Amino acid sequence: MAVRFRALDGYELGGLLYEPRGGPAPRQVAVLHPGAAIAQSRYRHFARFVSDAGIPVFTYDYRGIGASRPASLRGFRATMEDWAEYDCAAAIGWLRERFRTSEIAGIAHSISTLLQGGAHNAAEQAQVLMVAPHTGYFADYLPAYRPAMTVMWHAVMPLITRLVGYFPARRLGLGDDIPREIALQWASRRSPDLRPRPGETACGRRSRLLDHCAGLGYRVQVILATDDAFATTASAARVLSYFPGARIVQQQVFTPADAEGRRLGHFGLFRRMSGATLWPRVLAMLGP
């Protein structure tokens, strides 16, 4: 079911609700927080699998991405703090409004493993499954890929973004196009600590986001892939360090052998090729 709903600042977002057919009110529902520059449509096969197992799944697009993209990204203003404070919170709120008594599980991918914690109602999620968590810090990238990725994300991306007015990732085969400020925020990630320095742009909002993460006490489980160039054990540890109050239940590391020899990388868990081997194991982790 296609959904149009409002972010907390009034911006209209696009979402999709995957529901099992018939049956009683579900004990558990899930909200899937997408990675940066990854449209919700790319999670559809995984979302259908989970919903067919009896857990309704709500997916959505951040402002500037997919079904939440404006007519033009040139001149469009959006920040990662907007994604966290306004968009994540609205998605959680929409799901809670529809399923008032069900337990909410968060499924967060990539940078959203951190961003979802900045939503004022993040604690509505009884647990969060963090898939491929990272903060965009170049020194956490898998060493073999680090030089090329550092050049792409921290040199090429800001240069093209300033020229074009947004980062045209689609033309480069790198996912969905990225709004200007968000691309520049990612490109400027230099320090291992996300805490802003005095006077830095969005200093107060980023501090508020991290403070909110620190106060959350929900259950957390982590999924990594050994061939993921972005999300490594170091990047997962960095994300988890911003959630000191969370209860870390387990960390599961998948290998290409677990996916019958197919490459997993940063998105492979959500591809259909993982359905037979990995999705049942992920579903078991979601159990309330």
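No experiment lies behind these values; they were computed from the predicted model shown.

In this section: the pairing of strand S10 (residues 247-254). In the case of a regular strand, side chains alternate between the two sheet surfaces. Here strand S9 (residues 219-225) pairs with S10 via seven bridges, running parallel. The residue bridging Ile223 from the neighbouring strand is Gln252, located in S10. For the crossover that starts at S9, traverses helix H7 (residues 233-241) and ends in the parallel S10, the hand is right-handed.

A few words on the pattern of salt bridges. Taken as a whole and assessed by the stated rule, the structure comprises 18 salt bridges. In this structure, Arg281 engages Asp258 in a salt bridge whose closest nitrogen and oxygen atoms are separated by 3.8 Å. Taken together, the residues span a long stretch of sequence, with Arg281 in helix H8 (residues 279-286) and Asp258 in the loop between S10 and H8 at a distance of 23 residues. Note on Asp258: relative accessible area 25%, which makes it partly exposed. One salt-bridge network, held together by shared partners, links Asp82, Glu85, Arg205 and Arg208.

Before going further, it helps to spend a moment on the packing of helix H4 (residues 146-164) against helix H5 (residues 180-187). Between two packed helices, both the angle of their axes relative to each other and the distance between the axes serve to describe the pair. Viewed as axis vectors pointing N to C, H4 and H5 meet at an angle of 155°, and their least axial separation amounts to 9 Å. One element, H4, and the other, H5, form an angle in the roughly antiparallel class. Once H4 is placed against H5, the crossing between them reads as left-handed. Residues Trp153, His154, Met157, Pro158, Thr161 and Arg162 of H4 touch H5, and the partners they reach there are Arg180, Ala183, Leu184, Trp186 and Ala187. The residue makeup of the contact of H4 with H5, split by class, is seven nonpolar, two polar and two charged.

The terminal C-alpha atoms of H4, which comprises 19 residues, lie 25 Å apart, in line with the 27 Å expected from a rise of 1.5 Å per residue. Roughly 35° is the biggest bend found in H4, and it falls at Val156, with proline Pro158 one to four residues downstream. If you check which residues of H4 are buried, you get Met149, Trp153, His154, Met157, Pro158 and Thr161. Check the buried side of H4 and you find it contacts strand S7 (166-167), strand S8 (178-179) and H5.

Right, let's talk about helix H1 (residues 44-52) for a bit. Listed in full, the buried residues belonging to H1 are Phe46, Ala47, Val50 and Ser51. Buried residues of H1, viewed axially, fall in a sector of 130°; they line one side.

What follows is about the sheet that holds strand S1 (residues 2-6). Hydrogen bonds between backbone groups are what pair the strands of a sheet, and the pairing can be parallel or antiparallel. Strand order across the open sheet formed by eight strands is S1-S2-S4-S3-S5-S6-S9-S10, with mixed pairing between neighbours. The open sheet has two free edges, formed respectively by S1 and S10, since each of these has just one partner strand. Averaged over all pairs of adjacent strands, the angle between their axes in this sheet comes to 20°, without regard to strand direction. Pairing between strand S3 (residues 28-33) and strand S5 (residues 103-109): six bridges, direction parallel. For Val31, the partnering residue across the bridge sits in S5 and is Gly106.

Moving on, we come to the pairing of strand S2 (residues 12-18). Among the seven residues in S2, five count as buried, and that is most of the element. Across five bridges, the pairing between S1 and S2 is antiparallel. Opposite Ala2, over in S2, you have Leu16 as the bridge partner. Linking S1 to S2, which pair antiparallel, is a turn of five residues; within it Gly10 sits at a positive phi near 100°. Summarising the sheet, S2 and strand S4 (residues 57-60) pair through four bridges and their orientation is antiparallel. Bridge pairing in S4 places Leu16 opposite Thr59.

The next thing to look at is the packing of aromatic side chains. The relative placement of two aromatic rings is captured by the distance of their centres and the angle of their planes. Using the criterion set out here, one finds 19 aromatic pairs in the structure. Geometrically, the ring pair formed by Trp153 and Trp186 is stacked, given 4.5 Å between the ring centres and 10° between the ring planes. With Trp153 in helix H4 and Trp186 in helix H5, this residue pair connects regions lying 33 residues apart in the sequence. One exposure class covers both Trp153 and Trp186, and it is buried. Among the aromatic residues, those joined into a ring-pair cluster are Phe5, Phe58, Tyr60, Tyr62, Trp83 and Trp94. It is Arg42 that lies over the ring of Phe267; its NZ or CZ is 4.2 Å from the centre. Directly above the aromatic system of Tyr166 lies the positively charged group of Arg69, at a separation of 6.0 Å from the ring centroid.

Rules used throughout
Residues numbered from 1 in each chain as written. Predicted model: local features only at pLDDT ≥ 70, side-chain atom pairs only at ≥ 80, totals over all residues. Heavy atoms only, no water. Pairing = 2+ DSSP bridges. Helix = DSSP H or I, 4+ residues; strand = E, 2+ residues; numbered from the N terminus. Right-handed = clockwise from strand over helix to strand, strands pointing away. Salt bridge = Lys/Arg side-chain N within 4 Å of Asp/Glu carboxyl O. Buried < 20%, exposed > 50% of the residue type's maximum accessible area, 1.4 Å probe, protein only. Axes fitted to C-alpha atoms, helices over the stretch in contact; angles between N-to-C directions. Parallel < 35°, antiparallel > 145°, perpendicular 65-115°, else oblique. Left-handed = near helix turned anticlockwise from the far one by under 90°. Contact = heavy atoms within 4.5 Å. Nonpolar A, V, L, I, M, F, W, Y, C, P; charged D, E, K, R; others polar. Expected span 1.5 Å × (residues − 1). Bend = angle between axes of the 7 residues up to and from the residue. Arc of directions from axis to C-beta. Phe/Tyr/Trp six-rings, centres within 6.5 Å; stacked < 30°, edge-to-face > 60°. Lys NZ or Arg CZ within 6 Å of the ring centre and 35° of its normal.

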